[in-house]
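# Geometric and topological summary
Single-letter residue listing:
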Amino acid sequence: MLPHCSLLLLLCVARLLSTTSALPFEQKGFWDFAMDSMDSGGLMTMMRDEEEGSAVEEILPPDTSMCPFGCHCRLRVVQCSDLGLTEVPQNIPRDTKFLDLQNNYITELKENDFKGLTNLYGLSLRNNLISKVHPRTFVPLKHMQKLYFSKNLLTAVPKNLPASLVEIRIHENRIKKVAAGAFAGLANMNCIEMGANPIQNSGFEPGAFKGLKLNYLRISEAKLTGVPKDLPDSLHELHLDHNQIQAVELEDLSRYKNLFRLGLGYNHIRNIENGSLSFLPRLRELHLDNNRLTHVPKGLPDMKYLHVVYLHSNNIAQVGMDDFCPRGFGMKRTFYNGISLFDNPVNYWEVQPATFRCVSDRLAVQFGNYKK
């Protein structure tokens with residue numbers, strides 16, 4: 001009976017590990033860490049080892065670290081969330097791959113808090129009270145790839161982050177300044193989520209992102225009044241929603257030729273200068289909803305791969321026949337599958353049907369009643 005119970009428990013754990021969020025900026029739970037490890041086969045190997053030895057009680061050698069009091073340790077995952085901890089617990093097993101310390105009351109990270117955890121892949125410190133991080137805290141973590149540090153009291157990006165780091169989430173802190181070289185040496189970094197920090201455009205020092213080859217960056221819910229001009233030119237996704245951006249000027253986007261998705265919703269944008277969008281030849285999605293635009297931005301017909309445009313909740317009163325589609329056939333590589341125009345003062349019956357001649361399906365165009 002015991003082997004069957006162990007196998008059932010392992011299947012339940014595997015099920016938990018498989019339920020992750022597809023969005024890199026939205027953490028649903030600590031098990032988000034597991035997907036990459038499962039892809040590489042490491043976690044499945046650990047599970048197989050556990051299952052094969054489940055009928056025999058393992059005798060631990062005297063020098064083996066035990067599970068910290070109150071935590072749950074299984075398959076090299078140490079879960080210490082929601083325990084009221086005020087500091088990082090001791091006696092964390094040295095072979096730990098995932099360490100969950102979220103939802104506690106930790107205020108400081110000391111130099112030796114993670115000493116010996118050279119195999120650590122993911123660390124969650126989300127929703128603590130951390131305001132101080134020793135410069136050498138992360139030095140032992142030679143293989144860490146994911147660091148979740150959101151909802152704390154940080155005022156600066158922690159120093160000496162591991163060179164192996166691929167993803168960091170530091171949103172909902174108190175960061176007002178990103179110093180030059182803050183991410184130095186992080187050649188593997190792919191994703192940074194740093195929204196909901198009280199940072200202005202002037203808070204990014206020249207060279208703050210120097211050397212990074214990011215694919216994804218989110219600086220939403222900050223205090224930006226314009227599009228930052230010194231972000232990595234490798235970006236595929238840039239999210240600047242929920243800021244105070246007033247306009248998009250001609251050169252604002254000239255650096256970001258590799259963008260696939262641009263989020264500028266929930267700002268105060270009244271004008272997008274003619275020619276601004278011509279710097280984005282690969283753009284697939286453009287989010288300009290909940291702004292103060294009075295007309296459809298110029299240049300959309302020339303964007304060959306654009307297939308989603310959010311323009312709802314603006315002040316657009318008129319839509320021209322050539323606002324979205326080019327006149328010539330074969331000029332657009334992909335048809336639109338989403339255009340939102342609801343909550344604008346434009347009457348849909350006044351828009352010519354030919355306006356949406358490059359839309360895949362009539363249901364892809366969303367009009368609605370104007371209620372302002």
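Residues numbered from 1 in each chain as written. Predicted model: local features only at pLDDT ≥ 70, side-chain atom pairs only at ≥ 80, totals over all residues. Heavy atoms only, no water.

On to the overall build of the protein. When helices and strands are counted, the protein shows three helices and 18 strands. Split into buried and exposed, the 372 residues of the protein put 46% on the buried side. Put simply, the protein shows about 18,800 Å² of open surface, and 51% of that area lies on carbon and sulfur atoms. (Helix = DSSP H or I, 4+ residues; strand = E, 2+ residues; numbered from the N terminus. Buried < 20%, exposed > 50% of the residue type's maximum accessible area, 1.4 Å probe, protein only. Areas by Shrake-Rupley, 256 points an atom, 1.4 Å probe, with all protein chains shown as cover.)

A full pass over the atoms with the stated rule returns three disulfides. What pairs with Cys67 in a disulfide is Cys73, and their sulfur atoms sit 2.0 Å apart. Disulfide Cys67 to Cys73: torsion about the S-S bond roughly 80°, handedness right-handed. Overall, the relative accessible area of 31% leaves Cys67 in the partly exposed class. (Disulfide = S-S within 2.5 Å.)

It is worth spelling out the side chain of Asn104 at this point. Note that Asn104 resides in the loop between β3 (98-100) and β4 (108-109). Here Asn104 falls in the buried class, since its relative accessible area comes to 3%. Residues contacting Asn104, with those up to four places away along its chain left out, are Cys80, Ser81, Asp82, Leu83, Gly84, Leu85, Asn127 and Asn128. (Contact = heavy atoms within 4.5 Å.)

In this section: the packing of aromatic side chains. Counted according to the given criterion, the structure contains 10 aromatic pairs. Centre to centre, the rings of Phe324 and Tyr336 are 6.1 Å apart; their planes meet at 90°, and the pair counts as edge-to-face. Residue Phe324 is located in the loop between β16 (308-310) and β17 (338-340), and its partner Tyr336 is located in the loop between β16 and β17; the two are separated by 12 residues in the primary sequence. By the burial criterion, Phe324 is buried, and Tyr336 matches it. Taking the ring centre of Tyr305 as reference, the NZ or CZ of Arg284 above it sits at 4.9 Å. Above the ring of Tyr336, the side-chain terminus of Lys332 is found at 4.3 Å from the ring centroid. (Phe/Tyr/Trp six-rings, centres within 6.5 Å; stacked < 30°, edge-to-face > 60°. Lys NZ or Arg CZ within 6 Å of the ring centre and 35° of its normal.)

What follows is about the UniProt feature "domain: LRRNT" (unreviewed entry) in the protein. As recorded in UniProt, the feature "domain: LRRNT" (unreviewed entry) lies at residues 66-98. The annotated region residues 66-98 carries 0% helix and 21% strand content, and the separation between its end C-alpha atoms amounts to 15 Å. (UniProt positions renumbered as here; feature names shortened; annotations may be inferred.)

Time to look at the nonpolar core. Counting 84 residues, the largest nonpolar core has Leu123 and Phe324 as the members making the most contacts within it. Each of domain 1 (71-180) and domain 2 (224-371) gives at least three residues to this core. (Core = buried A, V, L, I, M, F, W, Y, C linked by side-chain atoms within 4.5 Å. Domains from an automatic or database assignment.)

Our next topic: the side chain of Glu285. By the secondary structure assignment, Glu285 is in strand β15 (residues 285-287). Here His287 takes part through its side chain, which lies 3.0 Å from a polar atom of the side chain of Glu285. Ignoring anything within four residues of it in the chain, the contact list for Glu285 reads Phe260, Arg261, Leu262, Leu306, His307 and Val308. (Polar contact = N/O pair within 3.5 Å; in protein donor to acceptor, adjacent residues only side chain to side chain.)

The final tally for this structure, using the stated rule, is 11 salt bridges. One salt bridge connects Glu87 with Lys110, and the closest N-O pair in it is separated by 3.8 Å. Taken together, the residues span a long stretch of sequence, with Glu87 in the loop between β2 (77-79) and β3 and Lys110 in the loop between β4 and β5 (122-124) at a distance of 23 residues. Of the residues examined, Glu87 reaches a relative accessible area of 43% and is grouped as partly exposed. Judged by its relative accessible area of 37%, Lys110 falls in the partly exposed class. A salt bridge links Asp322 to Arg357, with the shortest nitrogen-to-oxygen separation between them at 2.8 Å. (Salt bridge = Lys/Arg side-chain N within 4 Å of Asp/Glu carboxyl O.)

Both trends apply: most residues other than glycine have a negative phi, and most peptide bonds are in trans. Backbone geometry places Asp82, a non-glycine residue, at a positive phi of 60°. Tracing the chain through its elements places Asp82 in the loop between β2 and β3. For Asp82, a relative accessible area of 54% puts it in the exposed group.

This next bit is on the environment of Leu262. In this fold, Leu262 is placed in strand β13 (residues 261-263). Judged by its relative accessible area of 1%, Leu262 is buried. When the C-alpha atoms of Leu262 and Leu235 are compared, they prove to be 9.9 Å apart, with 27 residues separating the residues in sequence. Apart from residues lying up to four places away in sequence, Leu262 is in contact with Leu238, Leu253, Leu280, Leu283, Glu285, Leu286 and His287.

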